[in-house]
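Coordinate inspection notes
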Amino acid sequence: MPATTQGRLLATSDIHVRHPDNRAIVEAMRPGRPDDWLLVVGDVGELYEDVEWALRLLADRFAQVVWVPGNHELWTLGRDQTSLRGEARYRRLVDLCAGLGVLTPEDPYPLWTGQGGPARIVPMFLLYDYTFRPEGTSTKQEALAAAYEAGIVCSDESVLFPDPYPTRDDWCRARVELTRRRLDACPRDVPLVLVNHFPLVREPTRILRYPVFAQWCGTELTADWHTRYNVAAVVYGHLHIPRTTWYDGVRFEEVSVGYPREWRSWPARRPVLRQILPAPTGEPVPPWGAPRDESAAAAIRSGLATDRVD
Ligand SMILES: [Fe+2]
Ligand SMILES: [Fe+2]
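Residues numbered from 1 in each chain as written. Chains lettered and ligands numbered in written order. Predicted model: local features only at pLDDT ≥ 70, side-chain atom pairs only at ≥ 80, totals over all residues.

The name an unreviewed UniProt entry gives the protein is Metallophosphoesterase, with Parafrankia soli as the organism.

Okay, here's the thing in structure tokens:
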């Protein structure tokens, strides 16, 4: 099927707009073509008003914005205008998006018919379940104990509430099950673009500066989704290590902007809007899993890339 528009499918994440310098980046984000879509892959900000500001601005500019929550949007902070927690907070953000015309994981999966299409866009909210455990541990309790001992503990532990689920991992398992059923029902003839704040496979977390942090970065329950389904690309954020990697022949794009102290330190920044479709050309497929982005690789080597959530 030929493309029906000249638009491209673009993506960004981890814009963390409470930082004024990141807010300036967002203010400068514009589509290159009138039909460009934008995937906003979580960690827009912590406060409801910040999320609203960014999504309203982007929804006014791009032909379509698709949002998935990061962990930061799900924080409940005393200074926020809403005290909602957990699922209720997520639903409030989904309602905000509906009012702005922004698509979310709660909508039917939209069909991309622009350049590089057709493809089904699958925004997902899956969270994490502490199964990306540090070496030498075999339970969530042991993994968490190792993190506390190392002094590397995600802020989610104190401000991301799972209500009404007993735990964040219970919430994660419910989201995975719900999403898996929807994916199973998708026709296989149109390839999927899977969009989730957290990487679907563990491999991208192997280069974290603090490996113990991986337990807050995804779930083993999605380890085969990129091969189980007909997947054109997987788009994620959260790690603040923007790069392209390939697993089992499937392209994974981390599209994070990250914190100012991170992106300022990187010798060569990737564009803050990463093209997902059409697939960028002139970029040879490397061995599976090899980092493709030299600026990210350099930052990792120098220890500048962060995995801390602050
Ligand atoms: Fe982030
Ligand atoms: Fe995150």
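Time to look at the packing of helix α2 (residues 48–61) against helix α3 (residues 86–100). Relative orientation of the contacting elements α2 and α3 amounts to 25°, with a least axis distance of 10 Å. In terms of orientation, α2 and α3 fall into the roughly parallel class. Crossing of α2 over α3 shows right-handed handedness. Across from Val51, Glu52, Leu55, Arg56 and Ala59 in α2, the residues of α3 making contact are Leu93, Leu96, Cys97 and Leu100. (Axes fitted to C-alpha atoms, helices over the stretch in contact; angles between N-to-C directions. Helix = DSSP H or I, 4+ residues; strand = E, 2+ residues; numbered from the N terminus. Parallel < 35°, antiparallel > 145°, perpendicular 65-115°, else oblique. Left-handed = near helix turned anticlockwise from the far one by under 90°. Contact = placed C-beta atoms within 7 Å.)

Those residues carrying the UniProt feature "domain: Calcineurin-like phosphoesterase" (unreviewed entry) are residues 8–242 in this numbering. Secondary structure across residues 8–242 comprises 31% helix and 12% strand; the distance between its end C-alpha atoms is 19 Å. (UniProt positions renumbered as here; feature names shortened; annotations may be inferred.)

Within the open sheet, the six strands sit side by side as β4-β5-β6-β7-β9-β8. Their pairing is mixed. Each end of this open sheet is capped by a strand with a single partner; those strands are β4 (111–112) and β8 (243–247). Across four bridges, strand β5 (residues 119–123) lies against strand β6 (residues 192–195) in parallel orientation. Paired with Pro123 across the two strands is Val195, which belongs to β6. (Pairing = 2+ DSSP bridges.)

In space, the four strands of this open sheet follow the order β3-β2-β1-β10, with mixed pairing throughout. Single-partner strands in this sheet number two, and they are β3 (64–67) and β10 (274–277). Averaged over all adjacent pairs, the angle separating strand axes in this sheet is 30°, with direction ignored. On the sheet, α2 packs against β2 (37–40) and β3 and is oriented at approximately 145° with respect to β3.

To continue, consider unusual backbone geometry. Between Asp163 and Pro164 the backbone carries a cis peptide bond, its omega angle lying at 5°. Relative to the helices and strands, Pro164 is located in the loop between α5 (156–159) and α6 (168–184). In this model, Leu277 is joined to Pro278 through a cis peptide bond whose omega is -5°. Structurally, Pro278 is set in the loop between β10 and α9 (294–302). Phi is positive for Leu127, which is not a glycine, with a value near 65°. Assignment of secondary structure puts Leu127 in the loop between β5 and α4 (140–150). Judged by the 28 C-beta atoms lying within 10 Å of it, Leu127 is buried. (Buried ≥ 20, exposed ≤ 12 C-beta atoms within 10 Å, placed from the backbone.)

Right, let's get into the environment of Gln215. Its place among the elements puts Gln215 in the loop between β6 and α7 (225–228). Between the C-alpha atom of Gln215 and that of Val250, which follows or precedes it by 35 residues, the distance is 23 Å. In this view, Gln215 contacts Tyr130, Phe132, Arg133, Ala143 and Ala147; residues no more than four positions away in its chain are not counted.

Here α3 is 15 residues long and its end C-alpha atoms lie 22 Å apart, about the 21 Å a rise of 1.5 Å per residue gives. Along α3, the residues that are buried comprise Arg89, Tyr90, Leu93 and Cys97. Buried residues along α3 cover an arc of 100° about the axis, so they all sit on one side. Facing away from the buried side of α3, by more than 90 degrees, are the exposed residues Asp95 and Gly99. On its buried side, α3 packs onto α2 and β3. Following α3 by one or two positions, Gly101 has its phi on the positive side, about 80°. (Expected span 1.5 Å × (residues − 1). Arc of directions from axis to C-beta.)

Another point: the pairing of strand β9 (residues 250–254). Counting buried positions along β9 yields four of five residues, so the element is predominantly enclosed. Pairing analysis gives four bridges linking strand β7 (residues 231–236) to β9, with the strands arranged parallel. What sits directly across from Tyr236, in β9, is Glu254. Sheet topology note: the β8/β9 ladder contains five bridges and is antiparallel. Counterpart to Trp246 in the pairing with β9 is Arg251.

Burial of β5 is extensive: five of the five residues sit out of reach of the surface. A two-sided burial pattern is seen for β5, the buried positions comprising Ala119, Ile121 and Pro123 on one face and Arg120 and Val122 on the other. The pairing of β4 with β5 spans two bridges and is classified as antiparallel. Across the sheet, the residue bridging to Trp112 is Ala119, located in β5. From the end of β4 to the start of β5, which pair antiparallel, there are six residues, and Gly116 there has a positive phi angle of about 85°.

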